[in-house]
Amino acid sequence: MSTTLELTRDAIAAVDTAGQLQDVLSMPDQLRDALWRVESAGLERHDAPGGLVVAGMGGSAIGGALARAALGDRASRAIMITRGYALPAWTTPDTTVLCASYSGNTEETLAAYEAAGALGARRIVSTTGGKLAEAARAEQVPVIPLPGGFQPRAAVAYSLVVALEVAGLCGAGERLHAEVDVAAAHAERLVEEWSPDSGEESLAKELARGLHGTVPQLSGAGLTAPIAYRWKTQINENAKIPAFACDLPELDHNEIAGWEGASELGRFTAVFLDDSDLHPRIRQRIELTRGLIASQGATTYRVDSVGETRTERLISLVLLGDLVSLYLAVLRSVDPSPVDVIDRLKRALAQG
Ligand code: PA5
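A quick note: this is a predicted structure, and the numbers were derived from the prediction, not measured.

Cut-offs used in this document
Residues numbered from 1 in each chain as written. Predicted model: local features only at pLDDT ≥ 70, side-chain atom pairs only at ≥ 80, totals over all residues. Heavy atoms only, no water. Core = buried A, V, L, I, M, F, W, Y, C linked by side-chain atoms within 4.5 Å. Buried < 20%, exposed > 50% of the residue type's maximum accessible area, 1.4 Å probe, protein only. Helix = DSSP H or I, 4+ residues; strand = E, 2+ residues; numbered from the N terminus. Pairing = 2+ DSSP bridges. Axes fitted to C-alpha atoms, helices over the stretch in contact; angles between N-to-C directions. Contact = heavy atoms within 4.5 Å. Phe/Tyr/Trp six-rings, centres within 6.5 Å; stacked < 30°, edge-to-face > 60°. Lys NZ or Arg CZ within 6 Å of the ring centre and 35° of its normal. Near = heavy atom within 4 Å. Polar contact = N/O pair within 3.5 Å; in protein donor to acceptor, adjacent residues only side chain to side chain. Areas by Shrake-Rupley, 256 points an atom, 1.4 Å probe, with all protein chains shown as cover. Nonpolar A, V, L, I, M, F, W, Y, C, P; charged D, E, K, R; others polar.

A. How the structure looks around the nonpolar core. Within the largest apolar cluster, 85 residues are counted, with the highest numbers of intra-cluster contacts made by L52, W231, L314, L320 and L323. A per-element tally of this core places helix 14 (residues 310–331) first, with 14 residues. L87, C99, L110 and V125 belong to the second largest nonpolar core, which has 15 residues in total.

B. Broad picture of the sheet that holds strand 5 (residues 143–145). Within the open sheet, the five strands sit side by side as 2-1-3-4-5. Their pairing is parallel. If you trace the sheet from one side to the other, it starts and ends with strand 2 (79–82) and strand 5, each paired once. The mean angle between the axes of side-by-side strands here comes to 20 degrees, regardless of whether they run parallel or antiparallel. Note that strand 1 (residues 52–56) and strand 2 share four bridges and pair parallel. In the sheet register, A55 faces strand 2, and the bridge partner there is T82. Of the strands in this sheet, strand 1, strand 2 and strand 3 (96–101) are in contact with helix 4 (residues 58–71), which crosses strand 2 at around 160 degrees.

C. Spatial organisation of the packing of aromatic side chains. By the definition in use, this model includes two aromatic pairs. Considering the side-chain rings of F150 and Y158, the 5.9 Å spacing of their centres and the 50 degrees angle between planes classify their relative orientation as tilted. Pair check on accessibility: F150 and Y158 agree, each one buried. Centre to centre, the rings of W259 and F268 are 6.1 Å apart; their planes meet at 75 degrees, and the pair counts as edge-to-face. The lysine or arginine in question, R123, covers the ring of Y113, its NZ or CZ lying 4.1 Å from the ring centre.

D. Fine view of the site of the ligand. Around the ligand sit M57, G58, G59, S60, S101, Y102, S103, T106, P152, R153, E237 and K346, and that is every residue in its neighbourhood. One of the side-chain N or O atoms of S60 is found 2.5 Å from an oxygen atom in the ligand. A distance of 2.5 Å separates an oxygen atom of the ligand from a polar atom in the side chain of T106. Protein chains bury 93% of the 380 Å² of accessible surface belonging to the ligand in isolation. Split into classes, the residues belonging to the shell around the ligand amount to three nonpolar, six polar and three charged.

E. Local environment of unusual backbone geometry. Residues L248 and P249 are joined by a peptide bond in cis, for which omega reads 5 degrees. Note on placement: P249 falls in the loop between strand 7 (244–247) and helix 11 (255–258). The backbone of K240 sits at a positive phi, close to 60 degrees, despite the residue not being glycine.

F. Region of the structure containing the pairing of strand 8 (residues 268–274). Among the seven residues in strand 8, six count as buried, and that is most of the element. As defined by bridge partners, strand 6 (residues 215–220) adjoins strand 8 across five bridges and the pair is classed as parallel. Looking at strand 8, one finds that V215 is bridged to F268. In this sheet, strand 9 (residues 299–304) lies alongside strand 8 in parallel orientation, the contact comprising six bridges. Paired with L273 across the two strands is V303, which belongs to strand 9.

G. How the structure looks around the sheet that holds strand 7. The strand order across the open sheet built from four strands is 7-6-8-9, with neighbouring strands paired in parallel fashion. Single-partner strands in this sheet number two, and they are strand 7 and strand 9. Recorded for the sheet is a direction-independent mean angle of 20 degrees between the axes of neighbouring strands. Helix 10 (residues 225–239) rests against strand 6, strand 7 and strand 8 of the sheet, and its axis sits at about 160 degrees to strand 6. Contacts from helix 13 (residues 280–294) reach strand 8 and strand 9, with the element oriented near 160 degrees to strand 9.

If you want it as structure tokens, here you go:
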């Protein structure tokens, strides 16, 4: 465990053997490539009065949650994210179900794909291959092909854009194609600001050092709620430490009381993800909650989204969180890519 280690490209490469850093830094290109891939898939524009269900797990599900947040009140129909084997009881032939699995072999998503077929819902698949691609091809279900070679969670630009584009195509939300394209250019500037080539005082490195040796508690609201969850899961999988996420204002009604005993149990940090468009009372709550938690001895951070549009601001915080999780892994001398315990669990389940 080192806090003094400089987060240079060489130091990162010594730990990040699969080169996940480059996958994160290439997010702007992936956003553009994802737009192109959806367009090339030639999906039929249609009307889904029953809304959109995004069925997936982990790194494949998060894109749906982020897409819903990017749309905000530009969503005109229900968009629901299901992380499990079943679909909502209200799924009908009027519902579009996007089955998202990077590997194509995730059993929950395969079960949701089957369930959607049984209910007569319109299905769309996004995957690199596996059993999901096989089943979709056999049943002439359209497939948006994803590029191979990423950790599923590092393909977040793809899962976000695919869900956004499918929402636009089925009438669940406005099409944000142009907004994504502009956000990609914006993200390029942020990559420069937060990449390892930036100074040791860059925000991404500073946050990683601040969270190092602590249990991070992430909080968000509205646009930033699914991003707080993304930070939590990225910190879990890349840095391999516990981290937790909760939403405001809900946490002000329960979790805030738990901070009273935090210092007896270990070192915790609280990160509040802020956005200029949050409800003014939420923004006030962030400051008040921070103050109350800090008085219990916890270190707290308030991190602002950067950008004009919702998509720019959302991507800014996703990019920042991904880099923080990678830098944290390096500070812990942990290779961010392998998630052996998840693989072991999946293998054990596959044996029946
Ligand atoms: O990031 C990961 O590796 C996981 O969260 C996976 O995304 C999750 O296990 C689901 O797998 P897949 O994305 O291949 O469906």
